[in-house]
Structure formats: C-alpha cells, structure tokens
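Remarks on the overall topology
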Amino acid sequence: PMMLAVSRMRKRLPARPRLPGATDLRRFLSTAAPLFVNEIGFSSCYYVIQSMSTQFTVAASAAFQALWSPLQVLCFATYPLKQAAQVFLPRIQADAETNGPATVGGEPKARELLKVLATLSTACGLFLAAFGGCLAIRPSFLTPDPLLWPMIASFAPLVPWPLLILGFAQVLEGYLLGAGDLNFLSASQ
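So, here's what we can say about the structure.

**Description of the overall build of the chain**
The helix and strand inventory of the chain stands at eight helices and two strands. Walking the chain from its N terminus toward its C terminus, one meets helices and strands in the order α-α-α-α-β-β-α-α-α-α. Relative to its 189 residues, the chain shows a buried fraction of 29%. Residue pairs at least 24 apart in sequence account for 70% of intrachain contacts in the chain once pairs closer than 6 positions are excluded. Element-wise, carbon and sulfur atoms account for 69% of the exposed surface of the chain, whose accessible area totals about 12,400 Å².

**Things to note about the pattern of salt bridges**
Scanning the model with the defined rule gives two salt bridges in all. Where Lys82 meets Glu173, a salt bridge forms, and the shortest distance between an N and an O atom there is 2.8 Å. Taken together, the residues Lys82 in helix 4 (residues 79–99) and Glu173 in helix 7 (residues 160–179) connect sequence positions 91 residues apart. Comparing Lys82 with Glu173, the two get one shared label, buried.

**Observations regarding the packing of helix 3 (residues 58–75) against helix 5 (residues 109–137)**
Relative to each other, helix 3 and helix 5 sit at 170°, their axes nearing to 11 Å. For the element pair helix 3 / helix 5, the angle class is roughly antiparallel. Mapping the contact onto sequence places Leu67, Pro70, Leu71 and Leu74 in helix 3 and Leu128, Phe131, Gly132, Leu135 and Ala136 in helix 5. Among the residues making up the contact of helix 3 with helix 5, the classes are represented as eight nonpolar, one polar and no charged.

**Some details on the nonpolar core**
Ranked by internal contacts, the top residues of the largest apolar core, which has 19 residues, are Leu67, Leu71, Leu74, Leu142, Ile152, Val159 and Leu163. Elements with a minimum of two residues in this core: helix 3 and helix 5. Counting residues per element, this core draws most heavily on helix 3, which supplies eight residues. Residues in contact with Leu74, not counting those within four places in the same chain, are Leu128, Phe131, Gly132, Leu135 and Leu163. The next biggest cluster of nonpolar side chains, apart from the first, holds nine residues, and it includes Ile92, Leu117, Val171 and Tyr175.

The rules behind the values
Residues numbered from 1 in each chain as written. Predicted model: local features only at pLDDT ≥ 70, side-chain atom pairs only at ≥ 80, totals over all residues. Heavy atoms only, no water. Helix = DSSP H or I, 4+ residues; strand = E, 2+ residues; numbered from the N terminus. Buried < 20%, exposed > 50% of the residue type's maximum accessible area, 1.4 Å probe, protein only. Contact = heavy atoms within 4.5 Å. Areas by Shrake-Rupley, 256 points an atom, 1.4 Å probe, with all protein chains shown as cover. Salt bridge = Lys/Arg side-chain N within 4 Å of Asp/Glu carboxyl O. Axes fitted to C-alpha atoms, helices over the stretch in contact; angles between N-to-C directions. Parallel < 35°, antiparallel > 145°, perpendicular 65-115°, else oblique. Nonpolar A, V, L, I, M, F, W, Y, C, P; charged D, E, K, R; others polar. Core = buried A, V, L, I, M, F, W, Y, C linked by side-chain atoms within 4.5 Å.

Rendered as structure tokens:
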C-alpha cells in the first residue's frame, strides 16, 4: 500500500500489478528460468543438509545444529566476491565493446578479474576453513553443553573442505552470471 501511495504522489512508474504481455514474459523467462533452476539447486542442497540432521539422534542433531548455525553464516562470507564478478564483468565487456579490448599487464581485463577474484576467494577460503575447523575442534565456543562437545568435534574433519572451495564456486557462479551464461549455470546445478 505504501508503495502505491508513493508512486502516485511522486508521479513515478506505476506500482500496480499487471499481467505482462507474451513478449515481455518470454524475455523475462529466458533470463529468469535458468536463475530459478540455479536457486532451486542451492535450496535443495541446504534442504539435504538440514534434513540430514533428522537422521541423527536428538543429541547428535543438537550437536549438528550448534555447528551448522555459525558455518551457515561463514558460507556467505565470500558472497561479495560473486557480486563483484556480476557487477564488474558486464562493465568490462561493455567497455571492450565501445573502446576495444582492454588489458592489464598484457592480460585481458576479464581474465585478470577472474584471477583477482580467484586469489581473494582462495585466501578467504583458507581463513574460513581454518576458522570453521577451529570452531569444530573447540566446541565449547558453540555450546555450553559438554555432552555435545565430542559429537561436534567428530564433524571437525568435514568442516574445512566445503568452506575452502565455496568461495571459488561462488566466484565462478558470479562470473557465469556476469557473462550471461545462464543456461550453463542452470545446467551445472
């Protein structure tokens, strides 16, 4: 309601819902459909991880949740690298179309962007893997219940690996989004 009122007061674009035309809908779905598939893939992965805890005993499930909660936050620490690829790659491509291909140190700018983001994601991944591993090794940081500590520590060997590669996977996803290769991105899910 507030959006409708503001759009009328300031003579902005109407915020009323309307059915799109067939051409607009086709154009929207050509972009959105691969993104929907991609996000459904992510949601499915999170669902599988969460549903795994239902197979545990009550104590093991509590230990898993105590560890999963901070790890889930750490998983999004490299998300800005994905966003950087999504923002800068189209800019580099648009600049290359108008001014010709630009290079940095003899490398095409797009390749240099990927190198920079891959380096940053590797550094972030190493830090996050070490931090996540420390959390799993020192479960007293996660819960005051000493009965859960051995179970949390049993997950310790598994914790660093996803955090190590997640940043790089997010950079590649952002690079594919920025390049507009949405069909490959959705197919890779």
